[in-house]
Amino acid sequence: DTGVSQDPRHKITKRGQNVTFRCDPISEHNRLYWYRQTLGQGPEFLTYFQNEAQLEKSRLLSDRFSAERPKGSFSTLEIQRTEQGDSAMYLCASSLASGYQPQHFGDGTRLSIL
Amino acid sequence: QKEVEQNSGPLSVPEGAIASLNCTYSDRGSQSFFWYRQYSGKSPELIMFIYSNGDKEDGRFTAQLNKASQYVSLLIRDSQPSDSATYLCAVNTGSSNTGKLIFGQGTTLQVKP
């Protein structure tokens, strides 16, 4: 049973560039979640999908952020025109389709904006 | 008021002692509650989850839930230095079928040999 896989593990980019992260969930999980975590804080919810449908998006998420899950399997998170404040760990999690089901996290993508 | 609150610590306990980690939440409609462990530089790892009032035990870990007091706790018995980490409380608020988890800021636990 492979866990949640995220790529890349680290990304360093200049301010203003676009970045894209990929997440592959546990194969039988139909829900996929994106969170962002900064130092000393708990993960902050960004958005989640059930199959290919994006069911909720955080109001804190600016228009520069977009996520897709086109075939209900892997997902991508894109950040356009990156800013210093986007520096964080971006975590992906997956679960079965119920709020009672635990979410399992990938290793995360650490984004550093120069 | 934050939706999920934890004391950031650090909580320091000697090896072999019981560590008690606490969490309060504001949404009375919350249905499911999760504890994650996070080592420095790593991602959160699920330890336990609880849905019903009372205690739930798994090895050295016991989760306790009191919905009337909006309080959930994690007890770690026979604490080991390898338990030193940040413990995150997460709450699934509102409808039982929503996917959104709200996390506390985490409590740092230090177990001293």
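Description of the structure in this document.

About the thresholds
- Every residue gets a number counted from 1 within its own chain, in the order that chain's sequence is written.
- Numbering of ligands from 1 and lettering of chains from A proceed in the order in which they are written.
- In keeping with the model being predicted, local features are shown solely for residues with a pLDDT of at least 70 and side-chain atom pairs are shown and tallied solely at 80 or more, while totals for entire chains, interfaces and linings include all residues.
- With hydrogens and water set aside, each side-chain value is computed from the structure's full complement of heavy atoms.
- Think of it this way: any DSSP run of H or I at least four residues long counts as a helix, any run of E at least two long counts as a strand, and we number them from the N terminus.
- What the globule rule says is 2.2 Å times the number of residues to the power 0.38, and the radius of gyration is computed from C-alpha atoms.
- The cut-offs for exposure are 20% and 50% of the maximum accessible area for each residue type, with area from a 1.4 Å probe on protein chains only; residues under the lower value are buried, those over the upper are exposed, and the others partly exposed.
- Residue contacts are defined here by distance: any two heavy atoms, one from each residue, within 4.5 Å place the two residues in contact.
- For the accessible areas, the method is Shrake-Rupley and the probe is 1.4 Å, while residue cover comes only from the protein chains on display.
- Charge assignment in this entry is limited to Lys and Arg as positive and Asp and Glu as negative, and neither His nor the chain termini are counted.
- For the purpose of locating charges, the reference atoms are NZ of Lys, CZ of Arg, CG of Asp and CD of Glu.
- Stacked, tilted and edge-to-face pairs are distinguished by plane angle, under 30 degrees for stacked and over 60 for edge-to-face with tilted covering the rest, among Phe, Tyr and Trp rings (Trp via its six-membered ring) whose centres lie within 6.5 Å.
- Any two strands are treated as partners once DSSP identifies two or more bridges connecting them.
- Disulfides are defined as pairs of cysteine sulfur atoms found within 2.5 Å of each other.
- To qualify as a nonpolar core, a set must consist of buried Ala, Val, Leu, Ile, Met, Phe, Trp, Tyr and Cys residues joined through side-chain atoms within 4.5 Å.
- Once two parts are joined, some of their accessible surface, as seen by a 1.4 Å probe, is lost; buried area is that loss totalled over both.
- Criterion for a salt bridge: a side-chain nitrogen of Lys or Arg within 4 Å of a carboxyl oxygen of Asp or Glu.
- Residues adjacent in sequence count toward polar contacts only when both atoms are side-chain atoms; beyond that, a polar contact is any pair of N or O atoms within 3.5 Å, and within protein one must be able to donate a hydrogen and the other to accept it.

### Description of the overall build of chain A
Secondary structure summary: chain A contains zero helices and 11 strands in total. Listing the helices and strands of chain A from first to last along the sequence gives β-β-β-β-β-β-β-β-β-β-β. By the compact-globule yardstick of 13 Å for 114 residues, chain A fits well, its C-alpha radius of gyration being 13 Å. If one aligns the C-alpha atoms of chain A with their principal axes, the spans along those axes are about 40 × 25 × 25 Å. For chain A, buried positions account for 46% of its 114 residues. Here the analysis covers contacts within chain A between residues at least 6 apart in sequence; of these, 55% occur between residues at least 24 apart. As displayed, chain A offers around 5800 Å² of accessible surface, 44% of which is attributable to carbon and sulfur atoms. Distance between charge centroids for chain A: 6 Å, based on 14 positive and 13 negative side chains.

### Notes on the packing of aromatic side chains
Residue and element names in this part refer to chain A. Taken as a whole and assessed by the stated rule, the structure comprises 14 aromatic pairs over all chains. Measuring from centroid to centroid gives 5.3 Å for Tyr33 and Tyr48, while their planes differ by 20 degrees, and the two rings are stacked. On the criterion of sequence distance, the pair formed by Tyr33 in strand β4 (residues 31-37) and Tyr48 in strand β5 (residues 44-50) is long-range, its members being 15 residues apart. Its relative accessible area of 4% is what places Tyr48 among the buried residues.

### A short note on the sheet that holds strand β6 (residues 54-58) of chain B
All names here are of chain B. Pairing within the open sheet is antiparallel, and its five strands lie in the order β1-β3-β8-β7-β6. Each having just a single partner strand, β1 (4-5) and β6 make up the two edges of the open sheet. As judged from the two bridges shared by β1 and strand β3 (residues 19-25), these two strands associate in the antiparallel manner. When the bridges of β3 are listed, Val4 appears paired with Tyr25.

### Concerning the environment of Asp78 of chain B
All names here are of chain B. Here Asp78 is to be found in the loop between β8 (71-76) and β9 (85-92). The class of Asp78 is partly exposed, set by a relative accessible area of 40%. The spacing of Asp78 and Gly41 is 37 residues in sequence and 25 Å in space, taken between C-alpha atoms.

### Quick word on the state of the cysteines
Residues and elements named next belong to chain A. Enumeration according to the criterion identifies two disulfides over all chains in this entry. Across the disulfide from Cys23 sits Cys92; the S-S distance is 1.8 Å. Taking the torsion about the sulfur-sulfur bond, which here is approximately -70 degrees, the covalent link between Cys23 and Cys92 counts as left-handed. Linking Cys23 in strand β3 (residues 19-24) with Cys92 in strand β9 (residues 88-95), this pair joins segments that are 69 residues apart in sequence.

### Some words on the nonpolar core
All names here are of chain B. Of all hydrophobic cores here, the largest spans 24 residues; its most connected members are Trp35, Val72, Leu74, Ile76 and Tyr87. Among the secondary structure elements, those contributing two or more residues to this core are β3, β4 (32-38), β5 (45-50), β7 (61-66), β8, β9 and β11 (107-112). Contacts of Tyr87, omitting those with residues within four sequence positions, involve Gln6, Leu21, Trp35, Tyr36, Arg37, Ile47, Leu74, Ile76, Gly106, Thr107 and Leu109.

### What about the interface of chain B and chain A?
Contacts between the two partners involve 22 residues from chain B and, on the opposite side, 24 residues from chain A. Overall, the association of chain B and chain A removes approximately 1800 Å² of surface from exposure, summing both partners, and the carbon and sulfur fraction of that is 51%. At the boundary of chain B with chain A, the tally comes to one salt bridge. The salt bridge partner of Glu56 of chain A is Lys100 of chain B, with a shortest N-O separation of 3.7 Å. Where chain B touches chain A, the interface holds six residue pairs in polar contact (both at pLDDT 80 or more). Counting residues per element, the ones that place at least two in the side of chain B that touches chain A are β4, β5, β9 and β10 (101-103) of chain B. No other element matches the four residues that β4 of chain B contributes to the side of chain B that touches chain A.

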